[in-house]
Each structure stands twice: as structure tokens, then as C-alpha cells.
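Report on the structure
Each chain, letter by letter, is given below.
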Amino acid sequence: MSEKLELISFKLCPFVQRAVIVLKQKNVDFDITYIDLNDQPDWFKKISPRGQVPVLKVGDEVLFESSVIQEYVDEVTPPSLQPKDPLVKAKNRAWISFGGDMIMGMHGMVMSDEEGHNEKRQGVEQKLALLEAEHSGGSYFNGEDFQMIDAAFAPMLMRLGFMKMHTGIDLLAATPKLAKWSENLLAQPCVQDSVVPELPMMYKGMIKHMDGYMATLLQD
Ligand SMILES: N[C@@H](CCC(=O)N[C@@H](CS)C(=O)NCC(=O)O)C(=O)O
């Protein structure tokens, strides 16, 4: 790779973390620039078509959408983290997109009043059950190798851990394959090094700040 990559990030963002995990797993030397999404700098507004992170700067070019950034980084740094079988790869892509919906559902759980929280929680639990049924039962999603889909789901699983730690809500209690998967993924250096050390406390602060039903469940 000729140009040094620059990733535009917001510390709390799970979608940025998807990209960081691939960059770390591939040992790519990259710069990371943190912005405040609630007070977006003008230069960011100019380069981010949706006003969202992650954005990856590749020289004068800009990429957005976490899964696209993951795939670009993967393609320019062989060997690939994607499954070789095109059908498995395509199915994984679909589940990665599904994982994005789950991240949004979890955010809804954090933001909502009790009724909304319970509704969103039910939605996330249903999705977790579907994911459990699709999981190989091996160390990682497809089996024994860490692949792209693992990088894509680790941020969500990490946040489920924060939720459990701060509120006691254990959404993985009914999905043993996912619980084991989470344990395996959170032990990976590329996952551990993909966030700032203060993230667990930032997540708690976000729950408090959102002031929804979940804030009433916060434990000390
Ligand atoms: N589908 C996008 C979602 C990215 C996303 O939702 N990023 C959030 C932060 S975690 C964001 O930038 N939100 C600001 C906004 O939507 O205004 C992706 O996968 O990259």
C-alpha cells in the first residue's frame, strides 16, 4: 500500500471499530483522527456524504460505510480474511449487514423509555436467536479461523458485555454459541487494541446521558 491511510473516528462508534479491527489484524500502519460527532468539524462535513463515521481517507480519495472499508483494507493487504467459497462469503456479507441492524437495535434499547426499551430488546433477542442458529459452533463464526464476519460482530459483542457489566442485562444468556464466540473474540489482540481504554466507562456515560430506561438500571 503506497499511501498511509487515515481513519476518521468517534471513540464510541462500533462501526468505526469494525474497520479498526481489520486494520489491526492486518498490521496496517494507519492514522486515526477522532472527531466529536455532536460538533462535527467543517472539513468532516465536506468529506462524509452521510455525516457519519467511519470515513477512510486513501490519499485524496474517501471511503465510507464500515463494511466497504473493511473489504477495501482486506483486499489491499492479502491474504484475505474473507471465506474462499463465494456462497459463504455472500452469506457472511448479508449477516454483517444484519449485524448493523442489531447495533442500531441496541442503541434503541439505550435511548428509549421502558416500553420502547422492552420492544427493542425483544427485537435484539430475536436477532440473536437467528444468529445463534447460523453460527458454526466453532471458535469463530464460520469455524476455527478468524474472518471478516468476526471483525464485524466483535464491536456489538463487546457492547453487550458493557451492557451486562453496567446494567446486569445479559442478552447472551440464551445463546451459548454466541457467548463462547464473544469470549473468544474479546480475547483477540486486534479486538482488545481496537478501542480506547476508557471505552467501558464512556459507554456507561452514554447510557447515563441518554437518560432512557436503561439509565435507571445502572449499577455502581
Ligand atoms: N452504515 C454505517 C453506519 C455508521 C454510523 O451509524 N455511524 C454513526 C456513529 S456510530 C454516525 O456517524 N452517526 C452520526 C449521524 O448519523 O449523524 C456504517 O456501517 O458505516
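Only a predicted model underlies this, so the values are computations on that prediction, with no experimental measurement involved.

Some details on the nonpolar core
Within the largest apolar cluster, 64 residues are counted, with the highest numbers of intra-cluster contacts made by L128, M156, L160, M163 and W181. With 12 residues, helix 6 (residues 148-167) is the largest single contributor of residues to this core. Each of two domains, domain 1 (5-76) and domain 2 (86-217), supplies a minimum of three residues to this core. When sequence neighbours within four positions are dropped, the list of residues in contact with M163 reads M106, M109, V110, G168, I169, L171, Y203 and M214.

Describing the site of the ligand
Taken together, C13, P14, F15, L37, G51, Q52, V53, P54, E65 and S66 make up all the residues around the ligand. Here an oxygen atom of the ligand sits 3.1 Å away from a polar atom, N or O, in the side chain of Q52. Starting from 510 Å² of accessible surface for the ligand in isolation, the protein chains cover 71%. One can see that the ligand is located within the largest pocket.

Focus on the pairing of strand 2 (residues 30-34)
Two faces, one strand: in a regular strand the side chains alternate between the faces of the sheet. Pairing geometry for strand 1 (residues 5-9) and strand 2, over five bridges, is parallel. Paired with L5 across the strands is F30, a residue of strand 2. This β-α-β element, strand 1 to helix 1 (residues 14-25) to strand 2, shows right-handed connectivity.

Description of the packing of aromatic side chains
Taken as a whole and assessed by the stated rule, the structure comprises seven aromatic pairs. Residues F162 and Y203 carry aromatic rings whose centres are separated by 5.5 Å and whose planes lie at 50 degrees to one another, so their mutual orientation is tilted. Taken together, the positions of F162 in helix 6 and Y203 in helix 9 (residues 199-210) put the pair 41 residues apart, joining distant regions of the chain. Here the two residues F162 and Y203 agree in accessibility, since each one is buried. Above the face of the Y34 ring, K11 is positioned so that its terminal group lies 5.2 Å from the ring centre.

Considerations on the side chain of E71
Of note, E71 is situated in helix 3 (residues 66-76). Within the local environment of E71, its side chain forms a polar contact with the side chain of Q82, the two groups lying 3.5 Å apart. Residues in contact with E71, not counting those within four places in the same chain, are Q82, R93 and M148.

Quick notes on unusual backbone geometry
P54 follows V53 through a cis peptide bond whose omega is 0 degrees. Backbone torsion omega between P78 and P79 reads 5 degrees, so that peptide bond is classified as cis. Turning to its location among the elements, P79 is positioned in the loop between helix 3 and helix 4 (86-111).

Re the domain arrangement of the chain
Bring the parts together and some accessible area is lost; that lost area is often taken as the interface size. When cut into domains, the chain gives domain 1 (5-76) and domain 2 (86-217). The distance between the C-alpha centroids of domain 1 and domain 2 comes to 20 Å. Residue-level contacts link 17 residues of domain 1 with 25 residues of domain 2. Carbon and sulfur atoms supply 67% of the area that domain 1 and domain 2 bury against each other, a total of about 1800 Å² over both sides. At the boundary of domain 1 and domain 2, one finds two salt bridges.

Examining the side chain of H166
On the secondary structure map, H166 appears in helix 6. Overall, the relative accessible area of 4% leaves H166 in the buried class. Ignoring anything within four residues of it in the chain, the contact list for H166 reads P200, M201, Y203, K204, L217, L218 and Q219.

Procedures and definitions
- Residues numbered from 1 in each chain as written.
- Predicted model: local features only at pLDDT ≥ 70, side-chain atom pairs only at ≥ 80, totals over all residues.
- Heavy atoms only, no water.
- Core = buried A, V, L, I, M, F, W, Y, C linked by side-chain atoms within 4.5 Å.
- Buried < 20%, exposed > 50% of the residue type's maximum accessible area, 1.4 Å probe, protein only.
- Helix = DSSP H or I, 4+ residues; strand = E, 2+ residues; numbered from the N terminus.
- Domains from an automatic or database assignment.
- Contact = heavy atoms within 4.5 Å.
- Near = heavy atom within 4 Å.
- Polar contact = N/O pair within 3.5 Å; in protein donor to acceptor, adjacent residues only side chain to side chain.
- Areas by Shrake-Rupley, 256 points an atom, 1.4 Å probe, with all protein chains shown as cover.
- 1 Å grid on protein atoms, 1.4 Å probe; cavity = no way out; pocket = protein on both sides within 12 Å on 5 of 7 lines; lining within 4 Å.
- Sits in = over half its atoms within 2 Å of the grid points.
- Pairing = 2+ DSSP bridges.
- Right-handed = clockwise from strand over helix to strand, strands pointing away.
- Phe/Tyr/Trp six-rings, centres within 6.5 Å; stacked < 30°, edge-to-face > 60°.
- Lys NZ or Arg CZ within 6 Å of the ring centre and 35° of its normal.
- Buried area = accessible area lost by both parts, 1.4 Å probe.
- Salt bridge = Lys/Arg side-chain N within 4 Å of Asp/Glu carboxyl O.

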